[in-house]
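Topology and contacts: notes
Chain by chain, the residues run as shown.
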Amino acid sequence: MAIALAGVMTLALQHAEAQMKEKREQKDDKKLTIWAWDEAFNIKAANEAKEIYTKDHSDVEVEVVTMAQDDIVAKLNTSLSSGSYEGLPDIVLIEDYRIQGYLTAYQDEFADLSDIASPDDFASYKLV
């Protein structure tokens, strides 16, 4: 499971870098930030994805931020509700049951990864 998560996160890193290209050019920022929790699983997977990604993208700094799950949810809710996105990460780990609410309420705020990740690569319950 951790390896699969690391693979998906590596794809997300690649997409996040592409999305952030214009932003970086404007302020010369070559840093991607990941918010996650659970040192034994999510943080481990994020760090594995970081290692895989930075092998081919050594000019990009990837910061994995360990944060309590409740703090991630609170910060996302506050920022997305207020429209103030300063300080939000490029990638965030969210539970399946929560992400549907975010994707419904804030449809234009999350990157569409369908061009690099196939629905066939995921369990059917992940697509609901």
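Everything below is about the structure shown above.
Residues numbered from 1 in each chain as written. Predicted model: local features only at pLDDT ≥ 70, side-chain atom pairs only at ≥ 80, totals over all residues. Heavy atoms only, no water.

**Describing the overall build of the chain**
If you tally the helices and strands in the chain, you get four helices and three strands. Walking the chain from its N terminus toward its C terminus, one meets helices and strands in the order α-β-α-β-α-β-α. Taking all 128 residues of the chain together, 33% fall into the buried category. Partitioning the contacts of the chain with sequence separation of at least 6, the portion at a separation of at least 24 is 73%. (Helix = DSSP H or I, 4+ residues; strand = E, 2+ residues; numbered from the N terminus. Buried < 20%, exposed > 50% of the residue type's maximum accessible area, 1.4 Å probe, protein only. Contact = heavy atoms within 4.5 Å.)

**What to know about the environment of tyrosine 102**
Locating tyrosine 102 in the fold gives a position in helix 4 (residues 96-105). Distance in space between the C-alpha atoms of tyrosine 102 and asparagine 77 is 8.7 Å, their sequence separation being 25 residues. Excluding its chain neighbours within four sequence positions, the residues that come into contact with tyrosine 102 are Val73, Leu76, Asn77, Leu80, Ile94, Gln107 and Phe110.

**With respect to the sheet that holds strand 2 (residues 61-66)**
Read from one edge to the other, the open sheet built from three strands follows the order 2-1-3, with strand pairing classed as parallel. The outermost strands of the open sheet, each flanked by one partner alone, are strand 2 and strand 3 (91-92). Here strand 1 (residues 31-36) pairs with strand 3 via two bridges, running parallel. Looking across to strand 3, one finds that isoleucine 34 is bridged to isoleucine 91. With respect to the sheet, helix 2 (residues 42-56) is in contact with strand 1 and strand 2, its orientation differing from that of strand 2 by roughly 180°. Against the sheet, helix 3 (residues 69-82) engages strand 1 and strand 3, with an angle of about 120° to strand 1. (Pairing = 2+ DSSP bridges. Axes fitted to C-alpha atoms, helices over the stretch in contact; angles between N-to-C directions.)

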